[in-house]
Amino acid sequence: MSARPDTAVAHIAFAELQALLQRIFIRHGTSEAVACALAFNCASAQRDGAHSHGVFRIPGYVSTLASGWVDGKAVPEVTDIASGYLRVDAKGGFAQPALAAARELLVEKARSAGIAVLAIHNSHHFAALWPDVEPFADEGLVALSVVNSMTCVVPHGARQPLFGTNPIAFAAPCAGTDPIVFDMATSAMAHGDVQIAARKGEQLPDGIGVDSQGEPTRDPQKILDGGALLPFGGHKGSALSMMVELLAAALTGGNFSWEFDWSQHPGAKTPWTGQLIIVIDPSKAEGGRFAERSYELVRQMQSVGLQRMPGERRYRERELSARQGVTLTVQELEQLQSMA
Ligand code: NDP
Ligand code: PYC
């Protein structure tokens, strides 16, 4: 009998994948509510082909829970600070349940004040950020979110890593079509993608990272073994990464990317930081035609030759997953089943 190739794929219905992930989270120490939020996020990433934060992350979640670094049963505490400002103490748990706990009040505030801020601290975010913002745009709102991660990025012009990979996600409604969404690390590559490249034994493009001596390298393993990433776009990405530290940590009361010490928790992978979400109600905007104006912008971009909008690849993958099921490797599916 010939051996099955590592790349053999399986397809699984989205709801089934979500239920499987939920069982894994509960089995490894989360409450049902936390399992539900994390499973939905992770299954959505896998469904949309966002592989750096799909099922690839599950062993990291499990080892983190086992290490006692994160509280999988934390109950977030929401505080109503001002007409447009909410604070959530995630109590050392994950950020997604903290957002879920405050979401209804956040939307209510954004609709009444025109804008509202949700500041989450004492939280762990180990996921893609677009699932946190896209649903607001589905409801006709504009949303921007930032989260800081763990020290692994050298600020432009510096000699040592300090910033996290610090993503920025944005979502806006667009008339007659899917919301406009982008979600990007402010590092030249997400840490997850460096890990995936290292596993596959692939070399990276130039300009992604440095080795432990600070020398440029294309070897992802050297970046992971004491090396570091660079910001995207030199000083410009570096400034955005700095902004993320300010908004996600200084403003929320969360840790900066270098402020937590997980060395006593072997297996811990989730950054213990903060997250900021800003929601705007565009019905308050001049002319009240924001979604139509969004569509006009997209049309103009296309008329000058744009072939692909940010978010478009994910929407395509989502459609494909709806038809044929979510794609995983057979190996990944077997690993998930054994963890559940
Ligand atoms: P990518 O560089 O793959 O993509 C960034 C954005 O650009 C996406 O919106 C993508 O759309 C869009 N895009 C990509 N290529 C093109 C193109 N050719 N034309 C137009 N648009 C394009 O993402 P990153 O690697 O920077 O980040 C990956 C994920 O990692 C994100 O979800 C991020 O939130 C997550 N992350 C999470 C962290 C955390 O602490 N929780 C830390 C760092 C990263 P599309 O999605 O359709 O491909
Ligand atoms: O891919 O850079 C990353 C990342 C950090 C924390 C979660 N994802």
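The preceding data block contains the structure.
Residues numbered from 1 in each chain as written. Chains lettered and ligands numbered in written order. Predicted model: local features only at pLDDT ≥ 70, side-chain atom pairs only at ≥ 80, totals over all residues. Heavy atoms only, no water.

**Considerations on the overall build of the protein**
Just so we agree on the cut-off: Starting at the N terminus, helices and strands are each numbered in turn, a helix being any DSSP run of H or I of at least four residues and a strand any DSSP run of E of at least two. For the radius of gyration, the atoms used are the C-alpha atoms, and the globule rule reads 2.2 Å times the number of residues raised to 0.38. Relative accessibility under 20% of the residue-type maximum defines a buried residue, over 50% an exposed one, and the middle range a partly exposed one, all with a 1.4 Å probe and only protein chains included. The contact criterion used throughout is that any non-hydrogen atoms of two residues lie within 4.5 Å. Per-residue accessibility takes into account occlusion by the displayed protein chains alone, with areas from the Shrake-Rupley method and a 1.4 Å probe. When charges are tallied, Lys and Arg are placed among the positive residues and Asp and Glu among the negative ones, while His and the ends of the chain are skipped. Here the site of a charge means NZ on Lys, CZ on Arg, CG on Asp, or CD on Glu.
Helix and strand content of the protein: eleven helices and twelve strands. For a compact globule of 340 residues, the expected C-alpha radius of gyration is about 20 Å, and the protein comes in at 20 Å, within 12% of that figure. Each of the three principal axes of the protein carries a C-alpha extent, and together these read 65 × 45 × 45 Å. The buried share of the protein, taken over its 340 residues, is 49%. The contacts in the protein between residues at least 6 apart in sequence include a share of 68% that link residues at least 24 apart. Total accessible area on the protein stands at roughly 16000 Å², and carbon and sulfur atoms take up 53% of it. Treating the 28 positive side-chain charges of the protein as one cloud and the 35 negative ones as another, the clouds have centres 2 Å apart.

**Notes on the pairing of strand 3 (residues 85-94)**
Quick note on the threshold: Should DSSP find at least two bridges between two strands, the strands are regarded as paired. Clockwise travel from the first strand over the helix to the second, with the strands pointing away from the viewer, marks a crossover as right-handed.
With respect to burial, strand 3 is a largely interior element, seven of its ten residues being buried. The pairing of strand 2 (residues 77-82) with strand 3 spans five bridges and is classified as antiparallel. Within strand 3, the residue paired with Val78 across the bridge is Val88. Counted along the chain from strand 2 to the antiparallel partner strand 3, the turn is two residues long. For strand 3 and strand 4 (residues 115-124), the ladder comprises seven bridges, and the chain directions are parallel. Looking across to strand 4, one finds that Val88 is bridged to Ile120. Handedness of the crossover joining strand 3 and strand 4 through helix 4 (residues 95-113) is recorded here as right-handed.

**Topic: the packing of helix 1 (residues 14-27) against helix 2 (residues 32-47)**
Formally: Convention adopted: a line fitted to C-alpha atoms gives each axis, helices being fitted over their contacting stretch, and angles between N-to-C directions are expressed from 0 to 180 degrees. Our angle categories are set so that under 35 degrees counts as roughly parallel, over 145 as roughly antiparallel, 65 to 115 as roughly perpendicular, and the remainder as oblique. In this scheme, a crossing is called left-handed if the near helix is turned counterclockwise away from the far one by less than a right angle; it is called right-handed if the turn is clockwise.
At a closest axis distance of 8 Å, the pairing of helix 1 and helix 2 adopts a crossing angle of 135°. Taken together, the axes of helix 1 and helix 2 lie oblique to each other. Here the hand of the crossing between helix 1 and helix 2 comes out right-handed. Residues Phe14, Leu17, Gln18, Leu21, Gln22, Phe25 and Ile26 of helix 1 form the contact with helix 2, whose own contacting residues are Glu32, Ala35, Cys36, Leu38, Ala39, Phe40, Cys42, Ala43, Ser44, Gln46 and Arg47.

**Here we look at the site of ligand 1**
Our working rule: The nearness test applies per residue and asks whether one of its heavy atoms lies within 4 Å of the molecule or strand. Pairs of N or O atoms are called polar contacts if they sit within 3.5 Å, as long as, within protein, a hydrogen donor faces a hydrogen acceptor (for residues adjacent in sequence, only side-chain-to-side-chain pairs). Residue type decides the class: Asp, Glu, Lys and Arg count as charged, Ala, Val, Leu, Ile, Met, Phe, Trp, Tyr, Cys and Pro as nonpolar, and the leftover types, Gly among them, as polar.
In the vicinity of ligand 1 lie 22 residues, with Ala127, Asp183, Ala185, Gly311 and Arg313 positioned nearest. Between ligand 1 and His125, the relevant distance is 3.2 Å, taken from a nitrogen atom to a side-chain nitrogen or oxygen of the residue. Within the backbone of Glu312, an N or O atom sits 3.5 Å from an oxygen atom of ligand 1. Compared with its free state, where it exposes 920 Å², ligand 1 has 73% of that area covered by protein. When contributions to the shell around ligand 1 are tallied by element, the ones reaching two or more residues are strand 7 (177-184) and helix 10 (312-324). Tallied by class, the residues present in the shell around ligand 1 amount to ten nonpolar, six polar and six charged.

**Some details on the sheet that holds strand 10 (residues 228-229)**
Read from one edge of the open sheet, three strands run 9-8-10, paired in antiparallel fashion. Looking at the sheet topology across the chains shown, the edges are occupied by strand 9 (216-217) and strand 10. The pairing of strand 8 (residues 209-210) with strand 10 spans two bridges and is classified as antiparallel. The residue bridging Gly209 from the neighbouring strand is Leu229, located in strand 10.

**A word on helix 10**
Operational definition: For a helix, the expected span equals 1.5 Å multiplied by the number of residues minus one. The arc in question is the one spanned by the directions pointing from the helix axis to the C-beta atoms.
Here helix 10 contains 13 residues, and its C-alpha end-to-end distance of 18 Å stays within 8% of the 18 Å for a straight helix at 1.5 Å per residue. Buried within helix 10 are the following residues: Arg314, Tyr315 and Ser321. Taken down its axis, helix 10 places every buried residue within 120° of arc, on the same side. Residues of helix 10 that are exposed and angled more than 90 degrees away from the buried face: Glu319 and Arg323. Where helix 10 is buried, its residues meet helix 2, helix 5 (130-138), strand 7 and strand 12 (326-329). Gly325 sits one or two positions beyond helix 10 and adopts a positive phi of about 95°.

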